[in-house]
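# Close look at the chain arrangement
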Amino acid sequence: MELGVTERISVTSTGAQAAQRSDPGRITPDGRFVVFESDADLAPTDSNGVKDVYRLDRQTGQLDLVSVTAAGVQGTGWSYHPDVSDDGQRIVFTSGNDNFVAGDTNGSLDIFLKDMATGALTRVNTTASGAQSSSSNCTWPYISGDGSTVAFSSTASNLVAGDSNGDWDIFAKEVATGSIERLSVRPNGGQADDGTRTPMSISTDGNLIIYATLATNIVAGDTNGRQDVFLRDRAAGTTERINLSLTGGELNDDSWVPAMSGDARYVTYTSEATNIVTGDTLGERQIFAIDRFDAGTIGNNYCQTNPNSTGAMSLISATGSLFVADNDVTLAATQLPTFAFGLFIVSRTQGFNMNPGGSSGNLCLGGQIGRYVGPGQVQNSGASGEIFLPIDLSAMPQPNGFEMAVAGDTWNFQCWHRDVGAGTLASNFTNGLEIVFQ
Ligand SMILES: [Ca+2]
Ligand SMILES: [Ca+2]
Ligand SMILES: [Ca+2]
Ligand SMILES: [Ca+2]
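Throughout this description, residue numbers start from 1 for each chain and increase along the sequence as written. A letter from A marks each chain and a number from 1 marks each ligand, given out in the order of writing. Given that the model is predicted, a residue must reach a pLDDT of at least 70 before its local features are reported, and side-chain atom pairs must reach 80 or more before they are shown or counted; all residues, however, enter totals for whole chains, interfaces and linings.

### Quick word on the overall build of the protein chain
Selection rule: Put simply, DSSP H or I for four residues or longer makes a helix, DSSP E for two residues or longer makes a strand, and each gets a number counted from the N terminus. Throughout, radius of gyration means the C-alpha value; the globule benchmark is 2.2 Å times the number of residues raised to the power 0.38. Neighbour density around each residue's C-beta defines its exposure: 20 or more other C-beta atoms within 10 Å make it buried, 12 or fewer make it exposed, and counts between make it partly exposed, where C-beta atoms are placed from the backbone. Any two residues are considered in contact once their C-beta atoms, placed from the backbone, lie within 7 Å.
The secondary structure content of the protein chain amounts to 0 helices and 32 strands. A globule of 438 residues ought to have a C-alpha radius of gyration of about 22 Å, yet the protein chain, at 28 Å, is considerably larger. Counting only C-alpha atoms, the protein chain reaches 95 × 50 × 45 Å along its principal axes. Scored against the burial criterion, the 438 residues of the protein chain give a buried share of 40%. In the protein chain, the share of contacts with a sequence separation of at least 24, taken over all contacts with a separation of at least 6, comes to 54%.

Here it is, written out as structure tokens:
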């Protein structure tokens, strides 16, 4: 293993050692910019003797004081908890200073946004019309990777209409329009029955936010009395609980500190629950990860099927990843008659053709229909009555040759199989399976 090079970030503009402590910050995805807070006055423009937010450009070595107005006015109190957009140009932080913007008379912690390109310093925990938040603290800001959205926690009751729970909520502010919405709400917009505070995590485009809360009324069936992890889709107005057990049920202990990749594919969280994975007998805090696009079973079934000779319905399903780049999809046909030959068929188009060619089943594909008939692809269902086929998404069989599946494509699958009939070559079909690739 190669060790790589470690550099000290929290140094003065001239590279000298800081006189006081510095605390954790954030780094842009390209590794160029690091934002952090420091008790030490690291830059020549910083003479206030209190904690400030800094940005280091690791490419040029330039160190900038962030918690300062465009006119160079320094804060008199602490500025801390920075977060940064992916391009390093927009930085948010918490501050108790009342001299950064005109009209800051709430005597409370506010959230500020620094535009490094223009130097502008603005307050973002405001109502849609720009009024300051009531005398309640706002903390722990997070900015989306694209710099469009700032999320934070607050007990303020005046940021949106109808906030009467007297408790912590989380909010999202649109930088461009000034609009603000409460995120810790029920699907119908109703209030949560318990408070929500950070940490949380926000997707690159600002649309998806994950957070943890003890509230029991965010989703139906939350009866575990434990803190759970929720995913809010702002555009869809939906919220789902995503820390689930092996069987899709509730966890038996608390979960905290959710974090999410910018594309919202990967989520991690800490939990003491013992029913998340098999063989967990520890009962201590552990870290868990979810691949939201590798949820085991993928795709959606459609189309009517008819019972086969066993009396059961032949069924199709798929496991793996919805991401074409992963090229990880395995088709499965189950509940087939035993020791029956079968093969999978595929089309971009759905259809419905009842009892084609005298089959007992129905063809659920239309348009150009390809068949998986390559070496080893026509299989015998054996004693289990099942057939599995890993497929190559770069070579989807079609009548005129192979085609490549790409993100955004919809492909439909079905399994045709032999069945026992009255001395004839009877056959049947599974139901259909639609997969929309990402
Ligand atoms: Ca300072
Ligand atoms: Ca204030
Ligand atoms: Ca509230
Ligand atoms: Ca719960």
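Now that the structure has been shown, we can carry on.
### Considering the sheet that holds strand β14 (residues 208–213)
The line we're drawing: We treat two strands as partners when DSSP finds at least two bridges between them. Fitting a line to C-alpha atoms yields each axis, with helices limited to the stretch in contact; the angle taken between N-to-C directions then spans 0 to 180 degrees.
Strand order in the open sheet formed by 4 strands is β13-β14-β15-β16, with antiparallel pairing between adjacent strands. Edge positions in the sheet fall to β13 (200–202) and β16 (238–241), since each has one partner strand and no second. Neighbour-to-neighbour, the strand axes of the sheet open up by a mean angle of 20°, direction not taken into account. As paired strands, strand β15 (residues 228–233) and β16 are joined by 4 bridges and run antiparallel to one another. When the bridges of β16 are listed, Arg232 appears paired with Thr239.

### Focus on the environment of Asp146
Within the secondary structure, Asp146 is located in the loop between β9 (138–143) and β10 (149–154). With 16 C-beta atoms packed within 10 Å, Asp146 lands in the partly exposed category. Taking the C-alpha atoms as reference points, Asp146 and Ser85, separated by 61 residues in sequence, lie 6.0 Å from one another. In this structure Asp146 touches Ser85, Asp86, Thr204, Asp205 and Gly206, once residues within four positions along its chain are discounted.

### A short note on the confidence of the model for the protein chain
For clarity, the threshold we go by: One confidence number per residue, pLDDT, is output by the predictor and ranges from 0 to 100.
A residue-level look at the protein chain finds 98% of positions with pLDDT of 70 or above and a mean pLDDT of 92. Within the protein chain, the element-level pLDDT minimum falls on strand β1 (residues 22–27), averaging 83, and the maximum on strand β7 (residues 110–115), averaging 98.

### What to know about the environment of Leu365
Note on placement: Leu365 falls in strand β25 (residues 362–371). Residue Leu365 is classed as buried on the basis of its C-beta count, with 23 C-beta atoms lying within 10 Å. Those residues in contact with Leu365, other than ones at most four positions away along the chain, are Ile345, Ser347, Thr349, Gln350, Gly351, Asn412, Gln414 and Gly432.

### Section: the domain arrangement of the protein chain
Quick note on the threshold: An automatic or database domain assignment provides the domain bounds reported here.
Domain boundaries assigned for the protein chain yield domain 1 (22–291) and domain 2 (297–436). On a C-alpha basis, the centroid separation for the pair domain 1 and domain 2 is 45 Å.

### Notes on the sheet that holds strand β18 (residues 266–271)
Strand order in the open sheet formed by 3 strands is β17-β18-β19, with antiparallel pairing between adjacent strands. A strand with exactly one partner marks an edge of an open sheet, and here the two such strands are β17 (255–260) and β19 (286–291). Neighbour-to-neighbour, the strand axes of this sheet turn through a mean angle of 20°, independent of strand direction. Of the pairings in the sheet, the one linking β18 to β19 comprises 6 bridges and is antiparallel in character. Bridged to Thr270 within β19 is Ile287.

### What about the nonpolar core?
Definition in use: Buried Ala, Val, Leu, Ile, Met, Phe, Trp, Tyr and Cys residues whose C-beta atoms connect them within 7 Å together make up a nonpolar core.
Val35, Tyr54, Val92, Val150, Ala151, Ile209 and Ile210 are the most contacted members of the largest nonpolar core, which has 59 residues in total. Those residues in contact with Tyr54 that lie beyond four places of it in its chain are Val35, Phe36, Ser38, Leu42, Leu63, Asp64, Leu65 and Val66. Counting 31 residues, the second-largest nonpolar core is a separate cluster that includes Ala318, Leu336, Met396 and Leu433.

### Some details on unusual backbone geometry
Here the phi dihedral of Val257 falls at roughly 45°; this positive angle occurs in a residue that is not glycine. Structurally, Val257 can be placed in strand β17. Its identity is not glycine, yet Asn327 carries a phi of approximately 45°, on the positive side. By the secondary structure assignment, Asn327 is in the loop between β22 (315–320) and β23 (329–334).

### Here's the deal with the pairing of strand β6 (residues 90–95)
The buried fraction of β6 is high, at 6 of 6 residues. Neither face of β6 is exposed, since Arg90, Val92 and Thr94 on one face and Ile91, Phe93 and Ser95 on the opposite face are all buried. Bridge analysis of strand β5 (residues 79–84) against β6 gives 4 bridges, and the strand direction is antiparallel. Of the residues in β6, the one forming a bridge with Val84 is Ile91. Between β5 and β6, which pair antiparallel in sequence order, lie 5 residues; one of them, Gly88, sits at a positive phi of approximately 80°. Sheet analysis places β6 next to β7, joined by 6 bridges and oriented antiparallel.

### A word on the environment of Asp98
Checked against the element boundaries, Asp98 lands in the loop between β6 and β7. Judged by C-beta crowding, with 16 C-beta atoms within 10 Å, Asp98 ranks as partly exposed. When the C-alpha atoms of Asp98 and Pro397 are compared, they prove to be 66 Å apart, with 299 residues separating the residues in sequence.

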